[in-house]
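# Overview (structure and organization)
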Amino acid sequence: MPETDTPGKREPEPPEDDATAVSGTGRTAERPLRSPAFRWFFLGRSISMTGNAMSPIALAFGVLEVTDSAAWLSVVTSAAMVPMIATMVLGGGIADRYRRDTVLRLTSLGAGLSQAGVAALLLTHRDPVLLLPLCALNGVFQGLTTPALRGIVPNLAAGRGLQQASSLLASVRNTTRILGPAAAGLLTSFAGGGWTIAADAATFLVAAVCFARISLPALPPRAEDAPTMFGELRQGWQYFSSRPWIWTVTLAFALFNAAHMGIWQILGPVIAHDTIGARGWGLVLSARGTGALLATVVMVRLTVRRPMVPALSSMTLAAVPMILLGTGADTLWLATAAFVSGVVAEVFTVVWETVNYTHIPERLISRVGAYDECLSFASIPLGQLSTPLLAAAFGTAAVAVAGGGVAAVAMLLPLLVRSLRRLEVNRGSG
């Protein structure tokens, strides 16, 4: 792929398969739920996302039960996060090189078995050092899974069904984000974190069974002169780096994620402790999840021809809760802003996935998506580590307000790219 494209000078290319290119996948262009293959995928993802929503609370309390140490909790969490980010790009190469249904079966099985090992260690109160390799292994499987999840949707849906499929999956994701933590809290309080992690392990294994019911067509034989996997990863990077409409959004979200994760996740509870309290903070978080769920319901039916301008412009509103944190706003204002933030963030997620499915060739989508997610997530640890240091130097209020301002401006910068503003989502919709 050429590497000399000038921003705004090159139109995105149409996908290499159209809405009628259904080759044994059982996908239905307009209504993906009519496809048996998509229904099995949807069921497997729904079960897996339920476990994912329970895992953070279960792991936190399970590690604290064993170690009674916040430092150990930080180490264990990082042991999973760093390998996950590090293996995403490799996962993109694997997902574009091999059948994605097979990749998902194997990675879900591996994640389930490694998570079962974590549960066993927590239940037997073994040396917490043993948790680190198992958490790292689970992070590796999660990193390999993510690109395959993005790439398989165009194998199961097409045309207008792509946005509907994205919206349906996002609806489940946001429902589990609301209900999963509450269920995890109840199960952990009654049975302990170890048993809740065991339940999470079971969801991975059940998901693997569901994915086994999906049968994508066999890939064509590889030519003798076909590039190696690293050559294919280089192709993915060339495509990613030569499309300003992709990499500008990735860089914008690298800035946004660093600010958001540092301010909202680290400073948020600290500020809330001195202002609205734990109960108020819980209401604020629930309001954000509720807004995200509402957005996914609306996006099942709403289609905008050129959606990137409104999607990115509205994402500036997702920075408002960070700014309000710094101004000492009360629970009502914070909850209202968090609700709106949830709406616009989920609208953007559905739009971005649909645009990717529409304009990136199917043979490259997992690799390109892996670079997108890896680079936009890589800034998160930096934001989480630097925010407390900045707050100690300049004060929590100043950092929250300034960080929110940076996040808002970051969302507007990609709109300078003409090709991004012209992106359409109804191509190939039949």
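All values reported here derive from a predicted model rather than from experimental measurement.

## Let's talk about the overall build of the protein
Each helix and strand counted, the protein has 16 helices and 0 strands in total. Counting across all 430 residues of the protein, residues that qualify as buried make up 53%. Put simply, 87% of the contacts in the protein that link residues at least 6 apart link residues at least 24 apart. A total of about 18700 Å² of accessible surface is found on the protein, and carbon and sulfur atoms cover 67% of it.

## A word on the pattern of salt bridges
As enumerated under the stated definition, the model contains 8 salt bridges in all. Across the pair D96 and R367 runs a salt bridge, and its minimum N-O distance is 2.9 Å. Taken together, the residues D96 in helix α2 (residues 70–97) and R367 in helix α13 (residues 365–377) connect sequence positions 271 residues apart. R367 matches D96 in its accessibility class, with the two residues each being buried. With its nearest N and O atoms 3.4 Å apart, the salt bridge here joins R306 to E424. Taken together, the positions of R306 in the loop between α9 (277–299) and α10 (308–315) and E424 in the segment after α16 (418–421) put the pair 118 residues apart, joining distant regions of the chain. Note on E424: relative accessible area 13%, which makes it buried. Overlapping salt bridges bring together D96, R100, E362 and R367 as one network.

## A short note on the packing of aromatic side chains
Applying the stated criterion across every chain yields a total of 10 aromatic pairs. Relative to W352, the ring of F348 has its centre 6.0 Å away and its plane inclined at 15 degrees; by these criteria the two rings are stacked. Of this pair, F348 and W352 are both found in helix α12 (residues 331–359), 4 residues apart, which corresponds to roughly one turn of the helix. Grouping aromatic residues by their ring pairs yields a cluster made of W245, F253, F256, F348 and W352. Taking NZ or CZ as reference, R243 lies 4.0 Å from the ring centre of Y239, over its face.

Procedures and definitions
- Residues numbered from 1 in each chain as written.
- Predicted model: local features only at pLDDT ≥ 70, side-chain atom pairs only at ≥ 80, totals over all residues.
- Heavy atoms only, no water.
- Helix = DSSP H or I, 4+ residues; strand = E, 2+ residues; numbered from the N terminus.
- Buried < 20%, exposed > 50% of the residue type's maximum accessible area, 1.4 Å probe, protein only.
- Contact = heavy atoms within 4.5 Å.
- Areas by Shrake-Rupley, 256 points an atom, 1.4 Å probe, with all protein chains shown as cover.
- Salt bridge = Lys/Arg side-chain N within 4 Å of Asp/Glu carboxyl O.
- Phe/Tyr/Trp six-rings, centres within 6.5 Å; stacked < 30°, edge-to-face > 60°.
- Lys NZ or Arg CZ within 6 Å of the ring centre and 35° of its normal.

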